[in-house]
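# Descriptive analysis of the structure
Residue-level listing of the chains:
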Amino acid sequence: MTTTTPARGRRRAPSRMERAAGRAAAFQKPRVVLALLLLLALTSVMLLDGYLRSEIGNDARVRDGAAYDKVPSRILDGGPLLTFDHGTARTQSVPDRTIVLTFDDGPTATWTPQVLKVLEENDVDATFFMVGSMISRYPGVVKSLVEQGNEVGIHTFTHVDLSYQSAARLQRELKQTQLALAGAAGVTTTLFRAPYSSEIDAVDNYSWPVYQEIGDLGYTSVFVDTDSDDWKKPGVSKIVRWATPKKNKGAIVLMHDAGGDRSQTISALGTYIKKMKAKGYTFTTVSGAQAMLNGNRSGGGRQSGSAGAGAGAGAGAGAGGTGAAQAAQHQAAGATLYEGRALVYAVAVAEWVVPALSWFLLVVGVAVMGRFGMMLVLARRHHRQRNRGRGKGGRGGGRFGWGPAVTRPVSVIVPAYNEKECIANTLRSLARSTHPIEIVVVDDGSDDNTAEIAESLGMPNVRVVRQENAGKPAALNNGVRNARHDIVVMMDGDTVFEPDAVHHLVQPFADPEIGAVAGNAKVGNRTTLIGAWQHIEYVMGFNLDRRMYDLLRCMPTIPGAIGAFRRDAVLGVGGMSEDTLAEDTDITIALHRAGWRVVYQEHAKAWTEAPGSLRQLWSQRYRWSYGTMQALWKHRTSLTDKGPSGRFGRVGMPLVVLFQIVTPVFAPLIDVFTGYSMVFVDFRAALLAWLAVLAVQLVCAAYAFRLDREKYRYLAMLPLQQLAYRQMMYLVLIHSCVTALTGGRLRWQKLKRTGEVGTPAGAGR
């Protein structure tokens, strides 16, 4: 029997070519690029943060005990200030009774401000040799330091032994630190101190070429005369004693404002300054000492009363306003200034984003593991409850039942658009049904003879209803209107039912509170890699989830491949809506809100043809995820409703948002963090953590396969699924989120079918 139904004023759906063009364009839209850029940006932030913390590019080697026969003896016997004039090395010593206080390895937010406070209280300036990565992390401290009148020098960007590094790495360490200074305080500097350096007589054959290259670039290398060894935490008295020069000589004194607990340094600093002043010593900066050596006796900073002086050496001096005391500093300008600010801003973002993400991902990780635990517990309870007494002659507390057996005929609605490859197999599987049915095939404007194929089979219980192409929701609504029975089963045109599927599917309707039933959809074309991955997903993700949601009475989706409804319930909520792309999720939520109960029937099995290519899979899952978001947004008022609607809004909706949107959106970052940790932090620990999570997933998957009586051999593909397939699903979801946030629209899309899913037996192999 054939019936033709007009489209009832529906808008015309795109043609087949238009749909294909739309699918192709989806991969080129800016939203896809934006989704990828977001993931790339977060990865870049992580890499930047790792570089700042020396997790990336870290070289912990420190050279010791090397020969020094290639270093000129006049250098080894010279003073702590090393400069080069047209390739000729020259050293200088600090004038007698002059102290140049220097601090290495900072800045820090804890100790550097305390050092500055002591210096300010004692009216003393110092020179700080700072690590570029620390400068970029604490720019405010650096700015205050310079404004107070202190001087800055370079201590490399990542605190590496430069004698092991290439010329390119050396240039990069210097340039990046200069950019950090420019961004933090608006200055650059010509002072340099190498990490792990001490007195000048420690220069060896490996470090000497480094100092020569640095000198050729215009830097002054600053060594020490007196090392306080404060990093050893020997006590205040020893720090003061070890920092004191002998025989009233001048000295460059080394202390630290970073690298651990510096409370002893802070306590010793004030005592040391007062002691040396009492001995008649003058405190100045490196530039101040150089000015004094070059004949400008007023270059000694605040202690010598020369603030504002700066003849010669102070020309172009920078930001501190102390002239010769900061002569090595110069105002940053042009590209250096703007690049430096960009670096500081980027680091500020990384400093905020990475810790926040770490905590958030910890929450996500706990939620993921909690979900696994909840699924296992509730799925086991669901299975035991619904299979109580099954196959045991009713023993074990009584056989589970929904009520009196449902034996009356039901209507099966098959919406079909260009399903010539599948429609025959679909209808033949229904013909073997053990339950009395009528079949309503709604041909949605097919142009491939789908309707003719259905009619040619000559099945007496099949009616073909033709309509102009109006989309799947319109086709389903048309089928509901033409159905003769009070229970309607909805399926896809590419799906094959097992003989007893309909009978099992309609039994829950013995309970008058039940308005819809979700069946157990299986992937039929599972012989390919993509098909096997989807098979794992269907069994583990969808079906375990449905068991959990069933017990919690908040089932979010009746699968389009196999689901049953009370006809009156569907009509009562307005039928299948075209408001969203996920009409199955939309109708399910609507039924919950109307007070109907929705359950899962694991024994009602149907075999569906899953997408056979990555392109088709992307298209399908993009529609699913975006449609789910649309449905949740449409029904958002259920959060504040009372009664059944409010129950779903306050139980089901949060679970769906958490487990199907939020957790998957941020799950890629867990993988990024894991990969990052494997490469840059601790490969063994990160690998063990990943394997532990994989083991938990494997346990869940194995249990799901056991419940569904599936063959375990497909689980061998689970590790590869986690590495490849899951990442694609993440990108699809991120793409959907971007589309939702930007207000994009997407039409229903038809997937290409092959018809390879035949009988259930064949599909199960």
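Let us look at the structure shown here. (Residues numbered from 1 in each chain as written. Predicted model: local features only at pLDDT ≥ 70, side-chain atom pairs only at ≥ 80, totals over all residues. Heavy atoms only, no water.)

### Regarding the overall build of the protein
- Per the secondary structure count, the protein includes 24 helices and 21 strands.
- Buried positions account for 57% of the 765 residues belonging to the protein.
- Accessible surface computed for the protein: about 31,300 Å², of which carbon and sulfur atoms make up 56%. (Helix = DSSP H or I, 4+ residues; strand = E, 2+ residues; numbered from the N terminus. Buried < 20%, exposed > 50% of the residue type's maximum accessible area, 1.4 Å probe, protein only. Areas by Shrake-Rupley, 256 points an atom, 1.4 Å probe, with all protein chains shown as cover.)

### Here we look at the packing of aromatic side chains
- Taken as a whole and assessed by the stated rule, the structure comprises six aromatic pairs.
- Residues Y211 and F223 carry aromatic rings whose centres are separated by 5.1 Å and whose planes lie at 55° to one another, so their mutual orientation is tilted. Of the two residues, Y211 sits in helix α8 (residues 208-216) while F223 sits in the loop between β9 (220-222) and β10 (226-227), which places them twelve residues apart along the sequence. Both residues of the pair, Y211 and F223, count as buried.
- When the ring of Y622 is compared with that of Y626, the centres are 6.3 Å apart and the planes differ by 20°; the resulting orientation is stacked. One end of the pair, Y622, and the other, Y626, are both in helix α20 (residues 614-634), four residues apart, so they sit about a helical turn from each other.
- Across the ring face of Y714, the terminal group of R526 is positioned such that the distance to the ring centre comes to 5.7 Å. (Phe/Tyr/Trp six-rings, centres within 6.5 Å; stacked < 30°, edge-to-face > 60°. Lys NZ or Arg CZ within 6 Å of the ring centre and 35° of its normal.)

### A few points about a positive patch on the surface
- Together, R97, K238, R241, K275 and K279 give the surface a local cluster of positive charge.
- Its location among the elements puts K279 in the loop between α10 (263-278) and β12 (282-284). (Patch = residues over 30% accessible without salt bridge, like charges linked within 9 Å, V, L, I, M, F, W, Y side chains within 5 Å. Salt bridge = Lys/Arg side-chain N within 4 Å of Asp/Glu carboxyl O. Lys, Arg positive; Asp, Glu negative; His and termini not counted. Charge placed at Lys NZ, Arg CZ, Asp CG, Glu CD.)

### A few points about the nonpolar core
- Counting 61 residues, the largest nonpolar core has L101, L119 and Y272 as the members making the most contacts within it.
- Ranked by the residues each element gives to this core, the list is headed by helix α7 (residues 167-185), at seven residues.
- Ignoring any residue separated from it by four or fewer positions in sequence, one finds Y272 in contact with I99, L101, V240, A243, T244, P245, V253, M255 and F283.
- L476, A516, A569 and L733 belong to the second-largest nonpolar core, a separate cluster that totals 59 residues. (Core = buried A, V, L, I, M, F, W, Y, C linked by side-chain atoms within 4.5 Å. Contact = heavy atoms within 4.5 Å.)

### Brief notes about a negative patch on the surface
- Side chains of D77, E199, D201 and D225 sit close together on the surface and give a patch of like negative charge.
- The topology assignment puts D77 in the loop between α3 (73-76) and β2 (81-85).

### A word on the pairing of strand β19 (residues 514-523)
- The element β19 is largely enclosed, with a buried count of ten among its ten residues.
- As defined by bridge partners, β19 adjoins strand β21 (residues 597-608) across eight bridges and the pair is classed as parallel. Bridging from a neighbouring strand, V523 pairs with T608 of β21.
- The pairing of β19 with strand β20 (residues 562-566) spans three bridges and is antiparallel. Directly across from V517, in β20, lies its bridge partner A564. (Pairing = 2+ DSSP bridges.)

### Quick look at the side chain of Q329
- Secondary-structure assignment places Q329 in strand β13 (residues 329-331).
- A distance of 2.8 Å separates a polar side-chain atom of Q329 from the backbone nitrogen of V152. (Polar contact = N/O pair within 3.5 Å; in protein donor to acceptor, adjacent residues only side chain to side chain.)

### Some remarks on helix α15 (residues 472-482)
- Among the eleven residues of α15, ten are classified as buried, and the element is accordingly described as predominantly covered.
- The set of residues buried in α15 consists of K472, P473, A474, A475, L476, N477, N478, G479, V480 and N482.

### Overview of the pattern of salt bridges
- On inspection of all chains with the given rule, the structure shows 21 salt bridges.
- For the salt bridge of D486 with R408, the shortest nitrogen-to-oxygen distance reads 3.2 Å. With a gap of 78 residues between them, D486 in the loop between α15 and β17 (487-491) and R408 in the loop between α12 (334-386) and β14 (410-416) connect regions that are remote in the sequence.
- A salt bridge links R466 to E455, with the nearest nitrogen and oxygen atoms 3.1 Å apart. Here the residue R466 occupies a position in strand β16 (residues 462-467), and E455 occupies one in helix α14 (residues 450-456), the gap between them amounting to eleven residues.

### Side note on unusual backbone geometry
- Along the chain, G106 connects to P107 via a cis peptide bond; the corresponding omega equals 5°.
- The phi dihedral of H86 falls on the positive side, at around 55°, and the residue is not glycine.
- Positionally, H86 belongs in the loop between β2 and β3 (88-92).
- You can call H86 exposed: its relative accessible area is 82%.
- A positive phi angle, close to 55°, is found at D229, a residue other than glycine.
- You can see D229 is positioned in the loop between β10 and α9 (236-243).
- A residue is classified by how much of its surface remains accessible, and D229, at 17% relative accessible area, is buried.

### Examining a nonpolar patch on the surface
- Taken together, the side chains of W359, L362 and V366 make up a nonpolar region of the molecular surface, amounting to roughly 370 Å² of accessible area.
- For V366, a relative accessible area of 54% puts it in the exposed group.

### Some thoughts on the packing of helix α17 (residues 529-552) against helix α22 (residues 683-707)
- Where α17 contacts α22, the axes come no closer than 9 Å and their chain directions differ by 80°. With respect to α22, the axis of α17 lies roughly perpendicular. Counted together, H535, I536, V539, M540, L544 and R547 of α17 and Q697, C700, A701, A704, F705 and L707 of α22 form the full contact between these two elements.
- For the contact of α17 with α22, a count of residues per class yields nine nonpolar, two polar and one charged. (Axes fitted to C-alpha atoms, helices over the stretch in contact; angles between N-to-C directions. Parallel < 35°, antiparallel > 145°, perpendicular 65-115°, else oblique. Nonpolar A, V, L, I, M, F, W, Y, C, P; charged D, E, K, R; others polar.)

### A short note on the pairing of strand β11 (residues 251-256)
- In terms of burial, β11 is a largely internal element, six of the six residues being buried.
- Across the two faces of β11 the burial is the same, with A251, V253 and M255 and I252, L254 and H256 all buried.
- Where strand β4 (residues 98-104) lies against β11, six bridges are found, and the strand directions are parallel. In the strand pairing of β11, T102 is matched with L254.
- Here two bridges tie β10 to β11, and the two strands are oriented parallel to one another. Within β11, the position partnered with D227 by the bridge is L254.
- Between the parallel pair β10 and β11, the chain is carried across by α9, and the sense of this crossover is right-handed. (Right-handed = clockwise from strand over helix to strand, strands pointing away.)

### Quick look at the packing of α17 against α20
- Running from N to C, α17 and α20 point in directions that differ by 25°, and their axes come no closer than 11 Å. By the angle between their directions, the pair α17 and α20 is classed as roughly parallel. In this structure, α17 meets α20 at a crossing whose hand is right-handed. Of the residues in α20, those touching α17 at I530, Q534, E537, Y538 and F542 are L614, L617, Q620, R621 and W624. (Left-handed = near helix turned anticlockwise from the far one by under 90°.)

### Some points on helix α11 (residues 286-293)
- Counted residue by residue, α11 has seven buried out of eight residues, so it is predominantly covered.
- V286, S287, G288, A289, Q290, A291 and M292 are the residues of α11 that are buried.
- In the segment just after α11, G295 is the residue with positive phi, at about 100°.

### A short note on the side chain of N469
- Tracing the backbone shows N469 in the loop between β16 and α15.
- Since its relative accessible area comes to 14%, N469 is described here as buried.

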